[in-house]
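One letter stands for each residue in the lines below.
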Amino acid sequence: MSMYALLRSSKQPPTKEQIEDSLAGNLCRCTGYRPIIDAFGVFAKTDDSLYTASPSESANGKAICPSTGKPCLCRNETDVNGNESSLLSSVKTYLPSSYNEIDGNAYNEKELIFPPELQLRKIMPLRLNGFNGVRWYRPLKLDQLLQLKSCYPEAKLIIGNSEVGVETEFKNAQYGVMISVTHVPELHTLKVEEDGLRIGSAVRLAQLQDFLKKVIAERGSLQTSSCQAILRQLKWFAGTQIRNVASVGGNICTASPISDLNPLWMSTGATFQIIDVNNNVRTTVAKDFFLGYRKVDLKDDEVLLSVILPWTRPFEYVKEFKQAHRRQDDIALVNAGMRVHITEAEGNWIVSDVSIVYGGVAAVPLTAGKTESFLVGKKLDYGLLDEAFNLLKEDIPLAENAPGGMVEFRSSLTLSFFFKFFLYVTHEMNTKGLSEGLDVANMSAIQSYTRPVTTGTQGYELVRQGTAVGQPMVHLSAMLQLPNFPLGSLVSSSQKMCPVLTILGQLDSSKKRILGQLSMMGRFLHLMSLLVLARSLESLWQTPMIMQKLLQIK
């Protein structure tokens with residue numbers, strides 16, 4: 001299903017990296033992913049020229065397959081040497097059908113697609129009644145949503161159900177009224193504005209990824225340092241299946257202490273726009289939005305409308321961090337978002353603004369206030385590190401009985417993240433010729449993690465485990481019928497299609513004695529086997545001779 005969705009939604013053949021990303025959300029480890037990835041790898045076209053250029057030829061004039069590099073068996077020499085145009089003209093051409101267009105006329109093959117008639121069907125507001133009095137609504141406009149919210153202030157808003165589903169299934173949470181906001185256009189805004197990006201609260205995380213890639217490509221790195229940090233963090237946010245349905249606002253309002261995005265919203269200076277049932281809009285900074293464990297600055301009659309992500313200024317750098325047990329599809333032990341703005345003053349480059357926020361260390365993301373105050377106005381160099389580390393320990397305390405355990409390790413991560421951020425900024429300034437370069441030993445700390453495409457082989461050894469299953473052992477009933485003698489054996493011949501009678505005539509004296517000692521049951525079974533063999537070789541005319549030859553053996 002994951003691969004079908006990828007192939008259906010891709011306008012171009014997917015890369016091997018995209019194939020692995022699509023499978024990353026499948027947590028089952030009992031399926032054997034090596035052959036699965038190898039099988040799906042054939043859909044990845046890494047070099048278009050191999051398939052568009054004329055096929056190369058081997059020394060004997062045979063076409064070379066671009067996929068395997070071996071002589072192509074599906075084309076003969078005449079086609080390759082001079083009749084290629086006639087061959088191509090005889091091949092039926094198919095319209096590309098990898099992208100799921102609304103128009104179903106392009107799909108005239110056997111492959112099933114989502115019915116275009118249903119996609120073109122007019123969407124209507126819905127109201128459904130479920131078990132135990134649960135009511136479910138789907139408004140189509142913001143006004144309808146606000147009206148429902150005024151009637152049911154404690155209603156739960158849902159989009160992808162990636163969090164509410166877990167709460168109701170495993171935490172026994174009960175919601176009498178649920179409102180799906182998947183079709184409210186005002187909550188799906190994605191706009192580039194003068195002061196930054198406007199991101200609707202119902203925007204899916206996968207949509208945000210695509211939008212950020214486009215913005216970064218259009219506006220360059222000068223204004224998009226925060227966009228790049230969020231994009232890098234989204235790569236390790238759950239899996240593709242979750243990102244396809246989970247929303248920006250859902251992750252924010254859930255207020256999980258280990259959210260990968262909330263520390264970045266806070267450190268980048270993002271603001272949240274909130275609207276109430278009376279259409280009054282207020283704005284709050286992300287740092288003031290999280291009040292406590294799973295508690296946010298959002299009243300019952302209010303809805304999170306959008307997120308405003310500001311552009312970064314020249315010499316302003318944003319960096320994301322996350323450490324988990326495994327790289328993909330895992331919750332963070334500690335995560336962080338850090339931002340610094342460096343300006344020139346009296347010939348020195350000093351810190352004019354800085355924000356350091358950690359997640360996974362408390363009930364809410366923590367801001368390192370003392371460390372921030374210490375860094376402002378100072379030149380960012382190695383002499384600051386010792387004092388900054390001491391202040392970080394005060395800003396981010398972890399008790400011995402802190403939830404999640406691993407206190408010593410997680411405390412060291414808070415220091416390690418800041419050190420890596422210091423190295424990252426130092427390196428960025430060095431590329432502009434404004435600071436000293438990094439030591440070679442520290443270069444690996446600023447390099448983003450990249451994993452090569454998966455390759456693997458399978459090796460195994462057949463070890464006998466004391467059982468006859470799967471082993472070439474003689475059946476016990478054969479020993480009862482023919483004690484101490486084999487029932488039969490393979491016989492090789494230098495002639496092909498030779499009569500069975502010829503093989504019997506070449507038996508040596510020892511084998512004849514063995515056959516002569518067979519019991520009457522053995523003679524009968526051996527005769528029956530020869531008859532069956534003779535029939536299979538369609539040599540029935542030799543059957544009397546076989547019987548006569550067998551009876552002569554003494």
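Definitions and cut-offs
- Residues numbered from 1 in each chain as written.
- Predicted model: local features only at pLDDT ≥ 70, side-chain atom pairs only at ≥ 80, totals over all residues.
- Heavy atoms only, no water.
- Helix = DSSP H or I, 4+ residues; strand = E, 2+ residues; numbered from the N terminus.
- Contact = heavy atoms within 4.5 Å.
- Areas by Shrake-Rupley, 256 points an atom, 1.4 Å probe, with all protein chains shown as cover.
- Buried < 20%, exposed > 50% of the residue type's maximum accessible area, 1.4 Å probe, protein only.
- Arc of directions from axis to C-beta.
- Pairing = 2+ DSSP bridges.
- Axes fitted to C-alpha atoms, helices over the stretch in contact; angles between N-to-C directions.
- Parallel < 35°, antiparallel > 145°, perpendicular 65-115°, else oblique.
- Left-handed = near helix turned anticlockwise from the far one by under 90°.
- Nonpolar A, V, L, I, M, F, W, Y, C, P; charged D, E, K, R; others polar.
- Phe/Tyr/Trp six-rings, centres within 6.5 Å; stacked < 30°, edge-to-face > 60°.
- Lys NZ or Arg CZ within 6 Å of the ring centre and 35° of its normal.
- Salt bridge = Lys/Arg side-chain N within 4 Å of Asp/Glu carboxyl O.
- pLDDT = per-residue confidence, 0-100.

### Looking at the overall build of the chain
- When its secondary structure is counted, the chain shows 22 helices and 15 strands.
- Taking the intrachain contacts of the chain between residues at least 6 apart in sequence as the baseline, contacts between residues at least 24 apart amount to 59%.
- When the accessible surface of the chain is totalled, it reaches about 33700 Å², and 55% of it is carbon and sulfur.

### A closer look at helix 8 (residues 142-151)
- Within the span of helix 8, buried status applies to Leu142, Leu145, Leu146, Leu148 and Lys149. Projected down its long axis, helix 8 shows its buried positions confined to an angular sector of 160°, all on one face. Of the residues in helix 8, the exposed ones pointing more than 90 degrees away from the buried face are Asp143, Gln147 and Cys151.
- Summarising the contacts, the buried residues of helix 8 are in contact with strand 2 (135-138), strand 3 (156-158), strand 4 (177-180), strand 7 (271-276) and strand 11 (302-310).

### Quick look at the pairing of strand 5 (residues 190-193)
- Where strand 5 lies against strand 6 (residues 196-200), four bridges are found, and the strand directions are antiparallel. Counted as the bridge partner of Glu193 is Gly196 from strand 6.
- From the end of strand 5 to the start of strand 6, which pair antiparallel, there are two residues.

### Some remarks on the sheet that holds strand 12 (residues 316-324)
- Strand order in the open sheet formed by four strands is 12-13-14-15, with antiparallel pairing between adjacent strands. Each edge of the open sheet carries a strand with a single partner, namely strand 12 and strand 15 (366-367).
- Relative to strand 13 (residues 332-345), strand 12 runs antiparallel, the two sharing nine bridges. Following the sheet pairing, Glu316 is matched in strand 13 by His341.
- Taken strand by strand, helix 17 (residues 407-431) contacts strand 12, strand 13 and strand 14 (348-359), and its axis lies near 35° from that of strand 13.

### Structural notes on the environment of Ile158
- With respect to the secondary-structure elements, Ile158 resides in strand 3.
- The spacing of Ile158 and Ser180 is 22 residues in sequence and 4.9 Å in space, taken between C-alpha atoms.
- Discounting residues that sit within four places of it in the chain, Ile158 has contacts with Trp136, Val164, Met178, Ile179, Ser180 and Val181.

### Some points on the packing of helix 1 (residues 2-9) against helix 2 (residues 16-23)
- Across the interface, helix 1 lies against helix 2 with an axial gap of 9 Å and an inter-helix angle of 135°. By the criterion of interaxial angle, the relationship of helix 1 to helix 2 is oblique. For the element pair helix 1 and helix 2, the recorded crossing hand is right-handed. Within the contact between the two elements, helix 1 uses Ser2, Met3 and Leu6 and helix 2 uses Gln18, Ile19, Ser22 and Leu23.
- Split by residue class, the contact of helix 1 with helix 2 holds four nonpolar, three polar and no charged.

### Focus on the packing of aromatic side chains
- Taken as a whole and assessed by the stated rule, the structure comprises eight aromatic pairs.
- Put simply, the rings of Phe272, Phe289 and Phe290 touch in pairs and so form one group of aromatic residues.
- Here the guanidinium or amino end of Arg219 rests over the ring plane of Trp311, the centre of that ring lying 4.2 Å away.
- Taking the ring centre of Trp236 as reference, the NZ or CZ of Arg327 above it sits at 5.6 Å.

### Things to note about the pattern of salt bridges
- Going through the model one piece at a time under the given rule, you end up with 14 salt bridges.
- When the shortest N-O distance is used, the salt bridge between Arg294 and Glu163 registers 3.4 Å. In this pair, Arg294 is assigned in the loop between strand 9 (290-292) and strand 10 (295-296) and Glu163 in the loop between strand 3 and helix 9 (164-170), connecting sequence segments 131 residues apart.
- A relative accessible area of 29% places Arg294 in the partly exposed class.
- With a closest N to O distance of 3.6 Å, Asp353 and Arg313 form a salt bridge. With Asp353 in strand 14 and Arg313 in the loop between strand 11 and strand 12, the pair connects residues that are 40 residues apart, well separated along the chain.
- A residue is classified by how much of its surface remains accessible, and Asp353, at 25% relative accessible area, is partly exposed.

### Digging into the environment of Ala44
- With respect to the helices, strands and loops of the structure, Ala44 is situated in the loop between helix 3 (33-40) and helix 4 (48-52).
- Along the primary structure Ala44 and Gln18 are separated by 26 residues, whereas in three dimensions their C-alpha atoms are 8.9 Å apart.
- Those residues in contact with Ala44, other than ones at most four positions away along the chain, are Pro14, Thr15, Lys16 and Ile19.

### Points about the sheet that holds strand 5
- Strand order in this open sheet of five strands is 5-6-11-7-8, and the pairing throughout is antiparallel. On the outer flanks of this sheet lie strand 5 and strand 8 (281-285), each paired with one strand and no other. Ignoring strand direction, the axes of neighbouring strands in this sheet form an average angle of 25°.
- The strands touched by helix 10 (residues 205-219) are strand 5 and strand 6; relative to strand 5, the strand with the most contacts, the crossing angle is about 25°.

### Here we look at the confidence of the model for the chain
- With 70% of its residues at a pLDDT of 70 or more, the chain shows a mean pLDDT of 80.
- Note that pLDDT drops below 50 for residues 502-507; the model gives that stretch seven contacts with residues more than four away or on any other chain.

### A few points about the pairing of strand 6
- Among the five residues in strand 6, four count as buried, and that is most of the element.
- Judged from the five bridges that link them, strand 6 and strand 11 form a sheet pairing that is antiparallel. For Arg198, the partnering residue across the bridge sits in strand 11 and is Ile308.

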